[in-house]
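Here is what each chain is made of, one letter per residue.
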Amino acid sequence: MAPMVDLSHVAYRELVRSFGGCDVFYSEMLNARIVPGENTRTSIYLRWTRVDDLVLQLVGGDPEKMHLAARRLDGFRPFSVDVNMGCWLKKVTCHGWGVALMEDPDRARRVLSAVREAVSTLVSVKMRIGCSPDPEAMCDFASMLEDAGADFIVLHARTAADGLSRKARWEYIARLKERLRVPVVGNGGVTRAEDALEMFSSTGCDGVMVGRQAVIQPWIFRDIKALMEGSQPEPPPPLEDVILDLHRLLLEHFGEDVALKRFKTGVVWLSQNLTFGHHLTTLVGRQKTMEGAASVVRDAFLKGIS
Ligand SMILES: Cc1cc2nc3c(=O)[nH]c(=O)nc-3n(C[C@H](O)[C@H](O)[C@H](O)COP(=O)(O)O)c2cc1C
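What you are looking at is a predicted structure, and each value in this text was computed from that prediction instead of being measured.

The rules we used
Residues numbered from 1 in each chain as written. Predicted model: local features only at pLDDT ≥ 70, side-chain atom pairs only at ≥ 80, totals over all residues. Near = placed C-beta within 6 Å. Helix = DSSP H or I, 4+ residues; strand = E, 2+ residues; numbered from the N terminus. Nonpolar A, V, L, I, M, F, W, Y, C, P; charged D, E, K, R; others polar. Buried ≥ 20, exposed ≤ 12 C-beta atoms within 10 Å, placed from the backbone. Pairing = 2+ DSSP bridges. Right-handed = clockwise from strand over helix to strand, strands pointing away. Domains from an automatic or database assignment. Contact = placed C-beta atoms within 7 Å. Axes fitted to C-alpha atoms, helices over the stretch in contact; angles between N-to-C directions. Parallel < 35°, antiparallel > 145°, perpendicular 65-115°, else oblique. Left-handed = near helix turned anticlockwise from the far one by under 90°. Core = buried A, V, L, I, M, F, W, Y, C linked by C-beta atoms within 7 Å. Expected span 1.5 Å × (residues − 1). Arc of directions from axis to C-beta.

### Re the site of the ligand
Move 1: The ligand sits among 22 residues. The nearest are Ala2, Met4, Met29, Gly211 and Arg212.
Move 2: Contributions of two or more residues to the shell around the ligand are made by strand E1 (25–31) and helix H8 (212–216).
Move 3: The class makeup of the residues in the shell around the ligand is 10 nonpolar, nine polar and three charged.

### So, the pairing of strand E6 (residues 184–187)
Move 1: Burial along E6 is two-sided: the face carrying Val184 and Gly186 and the face carrying Val185 and Asn187 are both buried.
Move 2: In terms of strand pairing, E6 meets strand E7 (residues 207–209) through three bridges, oriented parallel. Of the residues in E7, the one forming a bridge with Asn187 is Met209.
Move 3: At this point the chain moves from E6, through helix H7 (residues 193–203), to the parallel E7, and the crossover so formed is right-handed.

### Considerations on the domain arrangement of the protein chain
Where the parts come together, the accessible area they lose is often given as the size of the interface.
Move 1: Taken domain by domain, the protein chain holds domain 1 (10–228) and domain 2 (239–303).
Move 2: If you look at the interface, domain 1 gives 12 residues, while domain 2 gives 14 residues.
Move 3: Looking at the side of domain 1 that touches domain 2, the elements with two or more residues in it are helix H1 (10–19) and H8.
Move 4: Take the side of domain 1 that touches domain 2: its biggest share by element is six residues, from H1.

### Focus on the packing of H7 against helix H9 (residues 220–228)
Between two packed helices, what matters for the description is the angle formed by their axes and the separation of those axes.
Move 1: Viewed as axis vectors pointing N to C, H7 and H9 meet at an angle of 55°, and their least axial separation amounts to 8 Å. Overall, the two elements H7 and H9 adopt an arrangement that is oblique. Regarding H7 and H9, the two cross each other, and that crossing is right-handed. Residues Ala193, Glu194, Ala196 and Leu197 of H7 form the contact with H9, whose participating residues are Ile220, Asp223, Ile224, Leu227 and Met228.

### As for the nonpolar core
Move 1: With 93 residues, the main nonpolar core has Leu58, Val115, Ile153, Leu155, Val210 and Leu246 as its most contacted residues.
Move 2: For this core, the domains that each give at least three residues are domain 1 (10–228) and domain 2 (239–303).
Move 3: Residues within four places of Val115 in sequence aside, it is in contact with Met66, His67, Ala70, Val81, Val83 and Val123.

### A word on the environment of Ala118
Move 1: On the secondary structure map, Ala118 appears in helix H4 (residues 105–118).
Move 2: Separated by 75 residues in sequence, Ala118 and Ser43 have C-alpha atoms that sit 22 Å apart.
Move 3: Ala118 has contacts with His67, Ala70, Arg71 and Asp74, leaving out every residue within four places of it along the chain.

### Some remarks on helix H5 (residues 135–147)
Move 1: Between its terminal C-alpha atoms H5 stretches 18 Å, which fits the 18 Å expected from 13 residues at 1.5 Å a residue.
Move 2: If you check which residues of H5 are buried, you get Met138, Phe141, Ala142 and Leu145. Looking down the long axis of H5, one finds its buried residues gathered within 90° of arc, a one-sided arrangement. Turned more than 90 degrees from where H5 packs its buried face, Glu136 and Asp147 sit exposed.

This is how it looks when you write it as structure tokens:
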């Protein structure tokens, strides 16, 4: 499950986990400036039920700050500490973070070495193709990361300019897989369980990462695993139960205000499965309490608004 701000938090991860099939989860990106001072008792980011299958992702560009933050994260014994070299949003790249690091390979190498020195668990990088669709430049960059100590690379197969919308360029995943010794995880554009199998077979990648479709259909990994084992996926679960499970998990892990904000965000994505999704999103969006939000969900399904 991919890192997604406001979505890949502990409650959504637990929702995905409840269906089975997902081997590794990512946190939301964590700001390296904030991580060293973050209070684990009050932080809404440093929360998990299990950490051995969780990748904690850092965003930053200062090698010293990244070192300190990575050391803190390593202390929690996660599956991996990841460096974000793929985020294309201005608020991230304007600091020289995210995909901006791909334009400054020397800094990227120093950042990765600093994280490598700080961490005894795995170190990974989630990157894009780069700023332009140049396969050689992409491979050279990733190869440099491998030499600097990356244990695996996730490639979001789009360029910075592609954002999230252009069709993902899976041929770049195949190209990177040919070049690197370390495992390559492919990402971008998996919207059906069949797509994951297609990504595995057409690129030879070692893993598949799913982003948006994992929040729309949190059971997609269960379906992918079923197909990989040669069986037919089960029918989709009742969506009312899925939405109310997210509601319950949010209240289990967060206070009312954070839970409500995150529930509204979650409903926007889960509603994409419904004919009355737009209406449900509007109704939930107006609620001031979690109790109110749950009751409009129950009511909407009872009436089957369409
Ligand atoms: C709402 C949202 C938040 C995201 N936040 C992050 C992030 O924190 N770190 C990161 O590396 N990528 C982030 N991404 C990118 C995803 O991890 C993933 O690379 C992208 O959505 C493409 O995969 P998909 O086509 O399966 O959705 C985010 C994407 C979305 C839609």
